[in-house]
Every structure is written in C-alpha cells, then in structure tokens.
Amino acid sequence: MSEQTKVGASAAQAVEQGGIFAKLLVFAALLAIAPIASYFLSKDYLWDGNTVFAAITAIIAANAVLIGYIIVSIREERLGTTARGPAESKKNR
C-alpha cells in the first residue's frame, strides 16, 4: 500500500471516529436531560403532582434514549459493513 493511501485511510478513519464521538455526546446529553425534563414536565402538567407516575415517565424516557442509541449504532454498523464490501483475505491479495 502506498503512503498516500495509508494517509487517506487514516484520515477517513479519523472522520468516522469523530462522527461516532459526536453521536455519543448527543445521546449522553439526551440521557441526562430527557428523564429530568420529562419527570418535572409530566409531574406538573400531565399527572397533577403524582410523583410515582412522573418517575415512571422519566424511566420510559431514559429507556427510549437508550433504545434510540442502540438502533442508531446497529444501523451505522450495517451501513459501514455494506459500504466497505467484503473483508480482504490473504487469498485475495
């Protein structure tokens, strides 16, 4: 492999890693904000002060964020493997 190809491949990998890190930060912020916001908003406006139902709403919000992260990760992995094509083996070299 030539030196330019190695540099191009490492630059592409760095961009990919940056995208993964950005998604992780977004979902981490959502995981911190969504349950707290849903707790207080649902307690005041949806459940009329019932803290048990508000806590259940916050738990559902946290689980929704986690499920969303898992779905995004699986989709990203599937798109990444199909875009790259089959892995190169020693026999194909």
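As recorded in an unreviewed UniProt entry, the protein goes by Vacuolar ATPase assembly integral membrane protein VMA21 and comes from Fibroporia radiculosa.

A. Fine view of the side chain of Ser38. The residue Ser38 is located in helix α1 (residues 3-46) in this model. If we skip the residues at most four places from it in the chain, Ser38 touches Lys43, Thr57, Ala58 and Ala61.

B. Structural context of unusual backbone geometry. Phi is positive for Asp48, which is not a glycine, with a value near 55°. Along the chain, Asp48 falls in the loop between α1 and α2 (51-84). Residue Asp48 is classed as exposed on the basis of its relative accessible area, which comes to 70%.

C. Representation of the packing of aromatic side chains in the model. For the structure on display, the rule yields 3 aromatic pairs. With a centroid separation of 4.9 Å and an interplanar angle of 85°, the aromatic rings of Tyr39 and Phe40 are classed as edge-to-face. Classification of Phe40 as partly exposed rests on a relative accessible area of 44%. The interplanar angle of 50° and the centroid separation of 5.1 Å between the aromatic rings of Trp47 and Phe53 together place this pair among those described as tilted. Judged by its relative accessible area of 35%, Trp47 is partly exposed.

Parameters and conventions
Residues numbered from 1 in each chain as written. Predicted model: local features only at pLDDT ≥ 70, side-chain atom pairs only at ≥ 80, totals over all residues. Heavy atoms only, no water. Helix = DSSP H or I, 4+ residues; strand = E, 2+ residues; numbered from the N terminus. Contact = heavy atoms within 4.5 Å. Buried < 20%, exposed > 50% of the residue type's maximum accessible area, 1.4 Å probe, protein only. Phe/Tyr/Trp six-rings, centres within 6.5 Å; stacked < 30°, edge-to-face > 60°.

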